[in-house]
Amino acid sequence: MATMIDSLVTVPRNQRATVFAIEWERLAQPEARRLRELGFDEGVGVEVLHRARLGSGPIACRIGRMTVALRRTVAAAISVSAND
Amino acid sequence: MIHPPLVALVGNPNAGKSALFNALTGARQKVGNYPGVTVERHSGRLALDDGRPVELVDLPGAYSLDPASADERVTRDVVTGSGRYERRPDALVVVVDAANLDNHLRFALQLIALGLPVIVALNMVDLAERDGLTLDPAVLARELGVPVIPTVAVRKRGLDSLRAALTELVGGSAPAAAVSPEAQAPMPVLQRRARQIAQAAILAETPGRRWGMMLDSVALHPVFGPLLLLALLFVMFQAVFAWSEAPIGWIEDGFAALEAFVSGALPAGFLRSLITDGLIAGVGAVLVFLPQILILFLFILVLEASGYMVRAAFLMDRMMARVGLSGRAFIPLLSSFACAVPGIMATRTIDDERDRLTTILIAPLMTCSARLPVYTIIIGAFIPDRTVAGWIGLQGLVLLGLYVMGILGAFVAALALRRTVTKGASSGFMMEMPKYQWPQWRDVALGLWTRTLIFLKRAGTIIALTTVVLWALLSFPKPPEGSRVSPVDYSVAGRIAGGLEAVVRPIGFNRDIALALIPAMAAREVAVSAIGTVYAIDDPEGAGGQRALGDKLRGRWSLPTALAFLMWFVFAPQCISTIAVTRRETNGWKWPAFMVGYLFAAAYIMAGLTYWLAVAVGL
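Under an unreviewed UniProt entry, chain B has the name Ferrous iron transport protein B and belongs to Sphingomonas metalli.

Chain A appears in an unreviewed UniProt entry as Ferrous iron transporter FeoA-like domain-containing protein from Sphingomonas metalli.

For chain B, the count of helices and strands is 27 helices and 12 strands. Against the compact-globule benchmark of 25 Å for 619 residues, chain B has a radius of gyration of 28 Å, which places it among compact chains. A principal-axis box enclosing the C-alpha atoms of chain B has dimensions of 95 × 55 × 45 Å. With 619 residues in all, chain B has 53% of them scored as buried. Of all intrachain contacts in chain B linking residues separated by at least 6 positions in sequence, the fraction that spans at least 24 positions is 73%.

What follows is about the overall build of chain A. Of regular secondary structure, chain A possesses two helices and six strands. From first element to last, N terminus to C terminus, chain A shows the α and β order β-β-α-β-β-β-α-β. Against the compact-globule benchmark of 12 Å for 84 residues, chain A has a radius of gyration of 12 Å, which places it among compact chains. Split into buried and exposed, the 84 residues of chain A put 54% on the buried side. Sequence-distant contacts, at least 24 apart, represent 62% of the contacts inside chain A between residues at least 6 apart. When the accessible surface of chain A is split by element, carbon and sulfur atoms take 54% of a total near 3,700 Å².

Inspection of every chain in the model, using the stated rule, returns 10 aromatic pairs over all chains. Ring centres of B:Trp557 and B:Phe565 lie 5.0 Å apart, and the angle between their planes is 70°; this geometry places the pair in the edge-to-face category. For the pair shown, B:Trp557 and B:Phe565 are each scored as buried. Lying over the aromatic face of A:Trp24, A:Arg36 brings its terminal NZ or CZ to 3.9 Å of the ring centre.

Attention shifts here to the interface of chain B and chain A. Taken together, the 42 residues of chain B in the interface contact 32 residues of chain A. Surface buried jointly by chain B and chain A totals about 3,400 Å² across both partners, of which 50% is contributed by carbon and sulfur atoms. Linking chain B with chain A are five salt bridges. A salt bridge links A:Asp41 to B:Arg192; the nearest nitrogen and oxygen atoms lie 3.0 Å apart. Remark: the boundary between chain B and chain A carries 14 residue pairs in polar contact (both at pLDDT 80 or more). For the side of chain B that touches chain A, the elements supplying multiple residues, two or more each, are α3 (101–112), α7 (187–201), α8 (211–219), α13 (308–322) and β12 (430–433) of chain B. The element best represented in the side of chain B that touches chain A is α7(B), accounting for five residues. Pairing geometry for strand β5 (residues 66–70) of chain A and β12(B), over four bridges, is antiparallel. What sits directly across from A:Thr67, in β12(B), is B:Met433.

All names here are of chain B. Checked against the element boundaries, Asp512 lands in helix α22 (residues 511–517). Assessed through its relative accessible area of 7%, Asp512 is described here as buried. A polar contact of 2.8 Å, which involves the side chain of Asp512, links it to the side chain of Arg511. Discounting residues that sit within four places of it in the chain, Asp512 has contacts with Val534, Tyr535, Arg556 and Trp557.

What follows deals with a nonpolar patch on the surface. All names here are of chain B. Nonpolar side chains collect at one region of the surface, where Leu465, Val469, Leu473, Val492, Ile496 and Ile518 lie side by side and expose about 480 Å² of accessible area between them. For the nonpolar patch, the elements supplying multiple residues, two or more each, are α19 (441–475) and α21 (492–504). Tracing the sequence through the fold places Leu465 in helix α19.

Let us look at α13(B). Residue and element names in this part refer to chain B. For α13, spanning 15 residues, the distance from its first C-alpha to its last is 23 Å, which sits close to the expected 21 Å at 1.5 Å a residue. Its maximal kink placed at Met316, α13 deviates by approximately 50°. Of all 15 residues in α13, 11 are buried, a share of seventy percent or more. Looking at the residues trailing α13, positive phi occurs at Gly324, about 85°.

The next thing to look at is the sheet that holds strand β6 (residues 118–123) of chain B. Residue and element names in this part refer to chain B. Strand order in the open sheet made by the seven strands is β2-β3-β4-β1-β5-β6-β8, with mixed pairing throughout. Only two strands of the sheet have a single partner each, and these edge strands are β2 (29–33) and β8 (148–150). On average, adjacent strands in this sheet sit at an angle of 25° to one another, irrespective of strand direction. As judged from the five bridges shared by β2 and strand β3 (residues 40–47), these two strands associate in the antiparallel manner.

All right, on to unusual backbone geometry then. Backbone geometry follows two general trends: most residues other than glycine have a negative phi, and most peptide bonds adopt the trans configuration. Residues and elements named next belong to chain B. Despite not being glycine, Met124 shows a phi value in the positive range, around 55°. Mapping Met124 onto the fold places it in the loop between β6 and α4 (125–130). We note that Asn587 has phi near 55°; this positive angle belongs to a residue other than glycine. A residue is classified by how much of its surface remains accessible, and Asn587, at 64% relative accessible area, is exposed.

Taken in spatial order, the seven strands line up as β1(A)-β6(A)-β2(A)-β3(A)-β4(A)-β5(A)-β12(B) in an open sheet, and their pairing is antiparallel. The open sheet has two edge strands with one neighbour each: β1 (5–7) of chain A together with β12 of chain B. Going from strand to strand, the sheet's axes swing by 40° on average, the running direction of each strand aside. Of the pairings in the sheet, the one linking strand β3 (residues 45–51) of chain A to strand β4 (residues 59–63) of chain A comprises five bridges and is antiparallel in character. Within β4(A), the position partnered with A:Val46 by the bridge is A:Ile63. Lying on the sheet, α13(B) is in contact with β3, β4 and β5 of chain A together with β12 of chain B; it crosses β12(B) at an angle near 145°.

Cut-offs applied
Residues numbered from 1 in each chain as written. Chains lettered and ligands numbered in written order. Predicted model: local features only at pLDDT ≥ 70, side-chain atom pairs only at ≥ 80, totals over all residues. Heavy atoms only, no water. Helix = DSSP H or I, 4+ residues; strand = E, 2+ residues; numbered from the N terminus. Rg over C-alpha atoms; globule rule 2.2 N^0.38 Å. Buried < 20%, exposed > 50% of the residue type's maximum accessible area, 1.4 Å probe, protein only. Contact = heavy atoms within 4.5 Å. Areas by Shrake-Rupley, 256 points an atom, 1.4 Å probe, with all protein chains shown as cover. Phe/Tyr/Trp six-rings, centres within 6.5 Å; stacked < 30°, edge-to-face > 60°. Lys NZ or Arg CZ within 6 Å of the ring centre and 35° of its normal. Buried area = accessible area lost by both parts, 1.4 Å probe. Salt bridge = Lys/Arg side-chain N within 4 Å of Asp/Glu carboxyl O. Polar contact = N/O pair within 3.5 Å; in protein donor to acceptor, adjacent residues only side chain to side chain. Pairing = 2+ DSSP bridges. Patch = residues over 30% accessible without salt bridge, like charges linked within 9 Å, V, L, I, M, F, W, Y side chains within 5 Å. Expected span 1.5 Å × (residues − 1). Bend = angle between axes of the 7 residues up to and from the residue. Axes fitted to C-alpha atoms, helices over the stretch in contact; angles between N-to-C directions.

As structure tokens, this is what we get:
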């Protein structure tokens, strides 16, 4: 069974997924640190709840038991694999 | 003097720390500032079970010991005992959200490793249960190696156990060996450990949608979300005007009665004129706006306490990004509609320095409630009370136009600033969205009460003082008997205004306006009472009151002048408090000076354009 690797920007809404990799070096240092502090890490479950609008605007996702808002530029550095 | 033991409350943002602090200290708390930084220090007394007092301090929320903002730096420095802001606490109460252990335990682990005596308050256990989460505090206590007390701060549950645990802890065992923050395990390791402990402590977890997520599916919906926000803002501004009518009437009646009483009790002359025309009229003209300010703050406090404000920031991020800001700037800017001072203070939550500075510099462009007195009186006097397109009131439309003008001005200013003085890469927008909760009415009431005090202090000091000084400058020296020069022109203020008039004449302002602009530097709303004072002294036989003032204005100002005057107040930075708070928040005079300069330039140009345009089209 092949696992689909997707970015947090394109993964379908309400699809439960697992963080596969985060390209930390693409992020500014304070951004990377804040992302870690909010619990983002390889292997963590994540689910996109809302996108402000198609094309641009921030994304709201659920990580652990928290809802976190982040911009697409950051989300693009996070790749996820869909859980089935 | 021997200090009582110091106990610090620490934890993540949204852990319910402040609610726990309020519940433990009640009304016995002090709000101050940490030396040298613009971070508020909340402290209070707490009596332990054996009668010993301890000082409880509520540290700013932080995600880790690696600070990203001034607030977090204070927290780090206090708990690590750098001694810069505070003596080192004798014990820590680490507050964690029971429903968000994965995340909050990581910071708790860092704090426990510091070696101070620690109690963990497992807060908001009721909300965790509502979400289908059953936890075992005993497992947590075993894994963390410190006492764990379940609490529900807002319902005052678990406080007795917490106090009992503190009684045992404070002055008990010597602190364990400390691990400095640098020597601690790296974040990913701590995070994994936190997740393991959280998993071990969870007895049962029923999956399923939480009601907060259902609310979010509307509040953050691409279409309904912005509509809901718009509707909320509409209701808010409607309420500001509709609900305030009655209380404003009471205040006006009260001051009229006071004025009548004083007039009757004192003989006509110098003292009576000072008290009635100067003091009572001046303070009264400003105090009538207290209801509107409080209603606006009521909405803002409730939106904030309920957790909705961050959702609004989420929806606004896209728009704010276009002018180089982030959604975070929305909250301070919305507060600035009530008053720029708390708005500018609220920018502290913006991590990025340039973002924060830009937000501070444009905050005075949001139409604050102090402009309302000016707008209301001018619109009432010059804009006919009729409807356009059948149902839209023309007066309301003009008022709305002034609000929109301020917002547009702010956006243009932000764009320009982000390309010049606050140039730099745009910062991101990354925020935890707090859980929805019912606002604690006690906390909201406390917030409103604080605002009322600040406002009354302002009305009572700055405004009363400037009004009285203006009255004096306007009244002396008296023209000689039989002189044809009016009393105002002959007075000190009249002569100063004569000079200023030359500067503002090109944009359509007359001597009376020049006169009113000087004291209005202290606070915009003074302009109204200042004009009132000018005309009262010029024409002592005339009737007083707002309606009469409107009639006098119509007789002396042209419509283009009135419109230019309105436009001036959209931009002009006429508020000492705003300038002072900007100086404090930016640590120097450079930025307030810049702000005053660019806003006055904008005011002059925009008022001028309005005047010339209005004259050109024959208004």
